[in-house]
Amino acid sequence: MLKHLRQLASESLVYGLSGIAARFVTVFLVPIYTRIFTPTDYGSMSLVSTTMSLMAIFVVLALDNSAHRWFWDTENEADRKQTLASWAWCQFTTASIAAAVVLLFSNKLGRLVIGTPGAGLYFRIAALTPPLGVLNIVVTGWLRMHRRPWATTIFTLATTLINILLTIWLVIFLRQGVKGVFLSQMLSAGVGTLAAAFLMRDWVNPKHVRWHRLREMLRYALPLIPGGLAFWVVSLSDRYFVDFYTSVSEVGLYSVGSSLAAVVVLVTGAFQQAWGPFALSIHKTPEAKTVYANAFLAYMWLTCALSASLGILAPEAIRLVATQKYLGASSVVGLLALSYVMIGATYVAALGPAIMKDSRPTGMAAVVGALLNIACNFLLVPSMGKEGSAIATLVSQAVVVIYLFYRSQKLYTIPYRFGPALGLVGLALTVIWLGRFVHFSHLWSTVLTKVSLVGLFVPFLFVSRIVTAAQARRLVQVAATTGS
């Protein structure tokens, strides 16, 4: 079992390198954006991106899930090529159609979503990114299927670096403003697609497309589309509620808070990328269920501790990376970080349905979460503003995980220890709440006190018996042996 956990940790670490680069755009460019853009500009960017992510649900058609599942059904390379080619060309077709629709109605979208028809330019540029970026998605999936984390990381690092350099060039030097952000995304997607086409030139050849395979994959994937739509509601529709009840400027603050909270995605995103191929590759081994259960607790401990750190240190972080006018973003960081933790936990909870090839529980879980998210936003945002939306997001994401675990356990029972997992979430919320009252005249006194509160996660490991003293000694011995 320890061998499997080390393998998962190793692959997650490698994927995490690509995650660091991917999150560099949203996290480490914050100091640049907040000094060039106003909160209103930031809010406009967020609303356009949120709208385009809604379009992406209908572009992808959840075929990425089907492709991963069908790939592992066979060792035959010709059969696997049929899966990849059918996925790639179907997604390219839907992306092209969607882009044409957005281009046609771009000015109306700009007026409806942001309030100015001039924002239609942002939508026109952003609409070209999905068809140009199809093979970027397919090639990273293909590399993950082949369990090649380093190759996945190198490809992601390269395309992300291009995006960063283009963003700096267009936004800072050419002063293209918000338009430059979307232009850099479009151009980097095009460069990535050229590289992906070369790498996969045989795998995505149109001659490998099979309509019968595509129909099979769509039958599995289509029930996931309402779930994907519901997931979008849970994860991103909050921007619309904040905009409707407050202002585009508050959306900008909320988006900055979300960007800082996304630091936790360096862990959750790496785990998500590694989890699917890893979990499915060992599901026939006798120790698989024990590995799943222990991996879940390890994930929850690490991500909850990181979320608590982000939430409690958010005011200090914003003073460091942004200007004073963005300080109001700190109140949502911890809650949104825990929301990202819940998203990662969804991947674990969905394992049972994935193994049993039953996508209905996953779709239904997302629908339940979406309905709750909408209700909570209507209830909380009018009186609490962006903080109410952050609470609504966390509550609805947590409900998705709880519901999905409940349904998953009926399909494929795994001995998860839910008590310690809930305790970790409770501890994270407590630490974040206590941090609101820690303010000293000296900055370092404040920071050290807050870090001490986060340190409570260490004794919790032993109090909750997530790790016993004997297991800790064994882990130290294994680490020492590996290091030598």
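As a starting point, this report considers the structure included with it. (Residues numbered from 1 in each chain as written. Predicted model: local features only at pLDDT ≥ 70, side-chain atom pairs only at ≥ 80, totals over all residues. Heavy atoms only, no water.)

## Notes on the overall build of the protein
Within the protein, the secondary structure is distributed over 26 helices and zero strands. A compact globule built from 484 residues should have a C-alpha radius of gyration of about 23 Å, and the protein, at 22 Å, falls within 12% of that. Principal axes of the C-alpha set define a box for the protein whose edges measure 60 × 55 × 45 Å. By the burial criterion, 54% of the 484 residues in the protein qualify as buried. At a minimum sequence separation of 6, the contacts of the protein that also span at least 24 residues come to 82%. Within the structure as shown, the protein displays about 21,100 Å² of accessible surface, and the carbon and sulfur contribution to it stands at 69%. Within the protein, one finds 37 positive and 16 negative side-chain charges whose respective centroids are separated by 2 Å. (Helix = DSSP H or I, 4+ residues; strand = E, 2+ residues; numbered from the N terminus. Rg over C-alpha atoms; globule rule 2.2 N^0.38 Å. Buried < 20%, exposed > 50% of the residue type's maximum accessible area, 1.4 Å probe, protein only. Contact = heavy atoms within 4.5 Å. Areas by Shrake-Rupley, 256 points an atom, 1.4 Å probe, with all protein chains shown as cover. Lys, Arg positive; Asp, Glu negative; His and termini not counted. Charge placed at Lys NZ, Arg CZ, Asp CG, Glu CD.)

## A short note on helix H12 (residues 211-221)
When H12 is considered as a whole, its buried residues turn out to be Arg213, Leu214, Met217, Tyr220 and Ala221. Viewed end-on, H12 has its buried residues packed into an arc of 125°, placing them on one side of the element. Facing away from the buried side of H12 by over 90 degrees, the exposed positions are Trp211 and Arg219. (Arc of directions from axis to C-beta.)

## A word on unusual backbone geometry
One non-glycine residue, Arg175, lies in the positive phi region at around 55°. Within the element layout of this structure, Arg175 appears in the loop between helix H10 (149-173) and helix H11 (177-199). Under the relative-accessibility criterion, Arg175 is labelled exposed at 71%.

## Some points on the pattern of salt bridges
In the structure shown here, the tally under the stated rule is nine salt bridges. A salt bridge links Arg80 to Glu75, with the nearest nitrogen and oxygen atoms 3.9 Å apart. Linking Lys450 and Glu316 is a salt bridge whose minimum nitrogen-to-oxygen distance equals 3.1 Å. Placement of Lys450 in helix H24 (residues 443-454) and of Glu316 in helix H18 (residues 314-321) is noted, with a sequence separation of 134 residues between them. Note on accessibility: Lys450 and Glu316 belong to one class, buried. Bridged by salt links that share partners, the residues Glu77, Lys81 and Asp202 form one connected network. (Salt bridge = Lys/Arg side-chain N within 4 Å of Asp/Glu carboxyl O.)

## Some remarks on a nonpolar patch on the surface
The grouping of Ile97, Val101, Leu104 and Phe105 at the surface amounts to a nonpolar patch, some 400 Å² of accessible area in total. Among the structural elements, Ile97 can be located in helix H5 (residues 77-104). (Patch = residues over 30% accessible without salt bridge, like charges linked within 9 Å, V, L, I, M, F, W, Y side chains within 5 Å.)

## Quick notes on the state of the cysteines
Using the criterion set out here, one finds zero disulfides in the structure. Cysteine Cys376 is unpaired, with the sulfur of Cys304 as its nearest cysteine sulfur at 20 Å. (Disulfide = S-S within 2.5 Å.)

## Description of the packing of helix H9 (residues 134-145) against H11
At a minimum axis distance of 7 Å, the contact between H9 and H11 shows a crossing angle of 45°. Classified by the angle their axes make, H9 and H11 are oblique. Note that H9 runs across H11; the crossing there is left-handed. Along the contact surface, H9 presents Val134, Leu135, Asn136, Val139 and Trp142, while H11 presents Ala189, Gly192, Thr193, Ala196, Ala197 and Leu199. When its residues are assigned to classes, the contact of H9 with H11 shows eight nonpolar, three polar and no charged. (Axes fitted to C-alpha atoms, helices over the stretch in contact; angles between N-to-C directions. Parallel < 35°, antiparallel > 145°, perpendicular 65-115°, else oblique. Left-handed = near helix turned anticlockwise from the far one by under 90°. Nonpolar A, V, L, I, M, F, W, Y, C, P; charged D, E, K, R; others polar.)

## A short note on the environment of Pro39
Structurally, Pro39 is set in helix H3 (residues 39-60). For Pro39, a relative accessible area of 12% translates into the label buried. Spatially, the C-alpha atom of Pro39 lies 9.9 Å from that of Ser247, the residues being 208 residues apart in sequence. Excluding anything up to four places from it in sequence, Pro39 contacts Val248, Ser249, Gly252, Lys325 and Tyr326.

## Points about H3
Helical periodicity: at 3.6 residues per turn, an α-helix aligns residues three or four positions apart in one direction. Compared with the 32 Å implied by 1.5 Å per residue over 22 residues, the 31 Å span of H3 between its first and last C-alpha is a close match. Downstream of H3 by a residue or two, Leu61 has a phi angle that is positive, lying close to 60°. (Expected span 1.5 Å × (residues − 1).)

## Brief notes about the nonpolar core
Among the nonpolar cores identified, the biggest contains 140 residues, and Leu84, Val138, Trp275, Tyr292, Met300, Cys304 and Phe457 are the most heavily contacted of them. With 14 residues, helix H17 (residues 288-312) is the single largest residue contributor to this core. Each residue touching Tyr292, except ones within four places of it in the same chain, is listed here: Trp275, Ala279, Ile282, His283, Leu351, Ile355, Tyr412, Ile414 and Tyr416. (Core = buried A, V, L, I, M, F, W, Y, C linked by side-chain atoms within 4.5 Å.)

## Looking at the side chain of Ser66
Tracing the chain through its elements places Ser66 in helix H4 (residues 63-71). A relative accessible area of 0% means that Ser66 is categorised as buried. A polar contact is formed between the side chain of Ser66 and the backbone oxygen of Met217, at a distance of 2.7 Å. (Polar contact = N/O pair within 3.5 Å; in protein donor to acceptor, adjacent residues only side chain to side chain.)

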